[in-house]
Amino acid sequence: MSKIANPFNFHQGESPILVSMPHSGLALLDHMQETLSEAAKPLPDTDWYIPELYDFLAELDVTVISANYSRYVVDLNRPVDDKPLYSTKTTGLFPDILFADEPVFLQGKNHSDSLKAQIKEDIWQAYHGKIAKELERIKAKFGYAILFDAHSIAAQVPMLFEGTLPDFNFGNNDGAACDARLLTQLDEIIAETDYSHVANGRFKGGYITRSFGQPEQGIHAIQLELSQATYLDDALFKEGIYQLDEEKKKKVSPQLKRLIEALIAVGQP
C-alpha cells in the first residue's frame, strides 16, 4: 500500500505561537466515500471554516498546521492508543459514531486493521511529529512556545453535553497545560465582549493540549472550542448545510485575532 500523501498543510512563522487545526480537514481516503453512512457523507462533525476564521495568522507571522484529512479518517486530537479522554460518551481515534449518535460507516465497512496502522504512521504520527518539532524550534528561539489548538463545534450536541454550549470554550487541562496567566488573559479579552465564555467546562483540552502542554518545560498549550453558532448561517445549519455567515465572521474573527495578539505580546510566561 502506497504512503498516504499530504497529511497536513503547514506555514512556518517566526512568532512564539503555533496554531493547530486538527479537525478542519475535509479529504477522505480513496473509496472511503463509498463506505460512509448517508448521515456521515456531509462530514457533519467537521470544525467548519477554522482556517477562514483565522485568516489573519499569516500577517501575525504565526506558525500554522492544519489537517488535510477528515476526522472520520482519523481523529488527530485523540491518543494513538485510543485511551478515552473523557468519562462521558465521546468519539475515539477512529470514530465509528457521529456526534448525532449515528454510525459513521456502513455495516462492516470500517477501516481494516492494516489501514488503521498505516493511518497512524502516515497521518497521526506525521501531524504530531511536526508539532513537536516546531514547538522545539520555537522554544529554542524564544525560550518558550505557546500552542493554540483551534476547534469548533455545534452549539447543541446532546450526545456530548446538555443544553447550549457557551460561545468561547477555553481549556488548559484544568490548569496543567499552560501558565494560568495566559488563560486568564484570554478569558478577560472575551469578557469584554457580548460573547459567552467558560474555561475548563465541558471541553478542557483534548490530547494535543494535554500531551504538548508542559509549562514546567516552557511549552504552554491552550484549546479553544468555538461554538459554530458564532459564525455559521443559522437557517442553513438547520437544513444540514454548513455555510459561513460573513457578517458573523466580521464580528468573531477580530476577537480571535485579539486572542492571538495577546499571546504574542505576553512575552515569556
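Attention here is on the structure that accompanies the text. (Residues numbered from 1 in each chain as written. Predicted model: local features only at pLDDT ≥ 70, side-chain atom pairs only at ≥ 80, totals over all residues. Heavy atoms only, no water.)

## Some thoughts on the pairing of strand β7 (residues 219-227)
Right, so step 1: Of all the nine residues making up β7, nine are buried; the element is thus mostly covered by neighbouring parts of the structure.
Right, so step 2: Alternating residues of β7 divide into I219, A221, Q223, E225 and S227 and H220, I222, L224 and L226, and every residue in both groups is buried.
Right, so step 3: As paired elements, strand β4 (residues 145-153) and β7 share nine bridges and run parallel to each other. If you follow I146 over to β7, its bridge partner there is H220.
Right, so step 4: As paired strands, strand β5 (residues 168-171) and β7 are joined by four bridges and run antiparallel to one another. Opposite F170, over in β7, you have L224 as the bridge partner. (Buried < 20%, exposed > 50% of the residue type's maximum accessible area, 1.4 Å probe, protein only. Helix = DSSP H or I, 4+ residues; strand = E, 2+ residues; numbered from the N terminus. Pairing = 2+ DSSP bridges.)

## Section: the sheet that holds β7
Each strand in a sheet pairs with another by means of backbone hydrogen bonds, the pair being arranged parallel or else antiparallel.
Right, so step 1: In space, the seven strands of this open sheet follow the order β1-β3-β2-β4-β7-β5-β6, with mixed pairing throughout. Each of the sheet's edge strands pairs with one partner strand only, and the pair in question is β1 (8-11) and β6 (197-199). Recorded for the sheet is a direction-independent mean angle of 15 degrees between the axes of neighbouring strands. (Axes fitted to C-alpha atoms, helices over the stretch in contact; angles between N-to-C directions.)

## Concerning helix α2 (residues 113-142)
Right, so step 1: Taking 1.5 Å of rise per residue, the 30 residues of α2 would be expected to cover 44 Å, and the 42 Å separating its terminal C-alpha atoms lies within 8% of that figure.
Right, so step 2: In α2, a bend of some 35 degrees at K120 exceeds every other bend along the element.
Right, so step 3: Buried within α2 we find L115, Q118, I119, D122, I123, W124, Y127, H128, I131, E134, L135 and I138.
Right, so step 4: Of the surrounding secondary structure, the elements contacted by the buried residues of α2 are β1, β2 (17-21), β3 (63-67), β4, α4 (207-212) and β7. (Expected span 1.5 Å × (residues − 1). Bend = angle between axes of the 7 residues up to and from the residue. Contact = heavy atoms within 4.5 Å.)

## A look at the pattern of salt bridges
Right, so step 1: Under the criterion given, the structure shown has 16 salt bridges.
Right, so step 2: The salt bridge involving E38 is made with K41; its shortest N-O contact spans 3.0 Å.
Right, so step 3: E38 sits in the exposed class, given a relative accessible area of 60%.
Right, so step 4: Residue classification places K41 among the partly exposed residues on the basis of a relative accessible area of 30%.
Right, so step 5: Between K249 and D55 there is a salt bridge whose closest N-O contact spans 3.1 Å. In this pair, K249 sits in helix α6 (residues 246-265) while D55 sits in the loop between α1 (50-53) and β3, placing the two residues 194 residues apart along the sequence.
Right, so step 6: It is possible to trace a salt-bridge network through shared partners that takes in E14, E134, R137 and K141. (Salt bridge = Lys/Arg side-chain N within 4 Å of Asp/Glu carboxyl O.)

## Observations regarding the packing of helix α3 (residues 180-191) against α6
Right, so step 1: At a minimum axis separation of 10 Å, α3 and α6 run at an interaxial angle of 150 degrees. With respect to their mutual orientation, α3 and α6 come out roughly antiparallel. The way α3 lies across α6 gives a crossing that is right-handed. In this structure, α3 contributes L182, Q185, L186, I189 and I190 to the contact, and α6 contributes Q255, R258, L259, A262 and L263.
Right, so step 2: Each residue belonging to the contact of α3 with α6 can be placed in one class, and the counts come to seven nonpolar, two polar and one charged. (Parallel < 35°, antiparallel > 145°, perpendicular 65-115°, else oblique. Left-handed = near helix turned anticlockwise from the far one by under 90°. Nonpolar A, V, L, I, M, F, W, Y, C, P; charged D, E, K, R; others polar.)

## Examining the layout of surface pockets
Right, so step 1: Considering only enclosed or pocket space, the largest pocket measures out at about 490 Å³ in volume.
Right, so step 2: Elements with a minimum of two residues in the lining of the largest pocket: β4 and α5 (234-238).
Right, so step 3: Per-element tally for the lining of the largest pocket: the top contributor is α5, with three residues.
Right, so step 4: Of the residues contributing to the lining of the largest pocket, the split by class is 14 nonpolar, four polar and five charged. (1 Å grid on protein atoms, 1.4 Å probe; cavity = no way out; pocket = protein on both sides within 12 Å on 5 of 7 lines; lining within 4 Å. Points joined across faces, edges and corners; volume = space filled by probe spheres on them.)

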